Amino acid sequence: MLKSLILGSAIATLSTLSLPAIATDWRTTGVSSRTRETVAIDMDSINRVSRYDVRFRYLIGKDLVQASVNCDSSLVTPDQGKSFVPDLIGATREMIKIACSENGYGRVDNQREIRRGVEVRGFWVSDQAIYAARNTLEDSGFSPNSMDSGKIANAIGRYCSARQVVSDSELTTALTLEMAKRNASSDYTDKAFDFYRATRIAAKQYVCPQYND
């Protein structure tokens, strides 16, 4: 059960030697810290299907898994089983780094595009996520000077971190109670909720899509 939650259900059970030999270039990335099984990626299977999405197959122990990864959010989606985001370090994280880098992630018209962002509470908050939140805030009437990128990134990371333990509705309720406790003006409350909604949308779309429920 634990393995299925972490790495998805296996598509096929491999015989000891036959199926792994089909791939010409298996690269071992390490041993899973959770299942204690060897993880390896089939280098020949790596195929970028869009700017951010890469398809590949990998072995976890003797289980062969077909999957895709969004290189911006690190969300891995097996063909069968649940999607997941791997730990920041470890064999599975190394596997998706290989899948994304080998397939030219970030290359546009033969020019390398630098992937910028910041890590907040264990989540990678990309510039794309920050810009998306800023655009939403600008549409809500926020002035450019009031939309500090650091504060936006921190709010996005805090949202994703909180969603590990509480639901989306519980976070909204907590903000409502905080505004009531402060006896905040309606204008301040509206701005607070606009900021929360903008960073929440960006978080769920770009940073922690596994919580997009």
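Above this text sits the structure in question.
What you are looking at is a predicted structure, and each value in this text was computed from that prediction instead of being measured.

(A) Seen up close, the side chain of Asp168. Along the chain, Asp168 turns up in helix H5 (residues 168-182). For Asp168, a relative accessible area of 14% puts it in the buried group. At 2.7 Å, the side chain of Asp168 and the side chain of Arg200 are in polar contact. Residues contacting Asp168, with those up to four places away along its chain left out, are Tyr159, Arg163, Tyr196, Arg200 and Lys204.

(B) Geometry of the packing of H5 against helix H6 (residues 186-207). Relative to each other, H5 and H6 sit at 160°, their axes nearing to 11 Å. Relative to H6, the element H5 lies roughly antiparallel. Once H5 is placed against H6, the crossing between them reads as right-handed. On H6, the residues that touch Asp168, Leu171, Thr172, Leu175, Thr176, Met179 and Arg182 of H5 are Tyr188, Thr189, Ala192, Phe193, Tyr196, Arg200 and Lys204. Among the residues making up the contact of H5 with H6, the classes are represented as seven nonpolar, three polar and four charged.

(C) Spatial organisation of the packing of helix H3 (residues 127-139) against helix H4 (residues 149-162). It is the contact of H3 with H4, at a shortest axis distance of 10 Å, that shows an interaxial angle of 105°. With respect to H4, the axis of H3 lies roughly perpendicular. Where H3 abuts H4, its residues Ala129, Ile130, Ala133, Arg134 and Leu137 lie against Ser149, Ile152, Ala153 and Ile156. Of the residues contributing to the contact of H3 with H4, the split by class is seven nonpolar, one polar and one charged.

Cut-offs used in this document
Residues numbered from 1 in each chain as written. Predicted model: local features only at pLDDT ≥ 70, side-chain atom pairs only at ≥ 80, totals over all residues. Heavy atoms only, no water. Helix = DSSP H or I, 4+ residues; strand = E, 2+ residues; numbered from the N terminus. Buried < 20%, exposed > 50% of the residue type's maximum accessible area, 1.4 Å probe, protein only. Polar contact = N/O pair within 3.5 Å; in protein donor to acceptor, adjacent residues only side chain to side chain. Contact = heavy atoms within 4.5 Å. Axes fitted to C-alpha atoms, helices over the stretch in contact; angles between N-to-C directions. Parallel < 35°, antiparallel > 145°, perpendicular 65-115°, else oblique. Left-handed = near helix turned anticlockwise from the far one by under 90°. Nonpolar A, V, L, I, M, F, W, Y, C, P; charged D, E, K, R; others polar.

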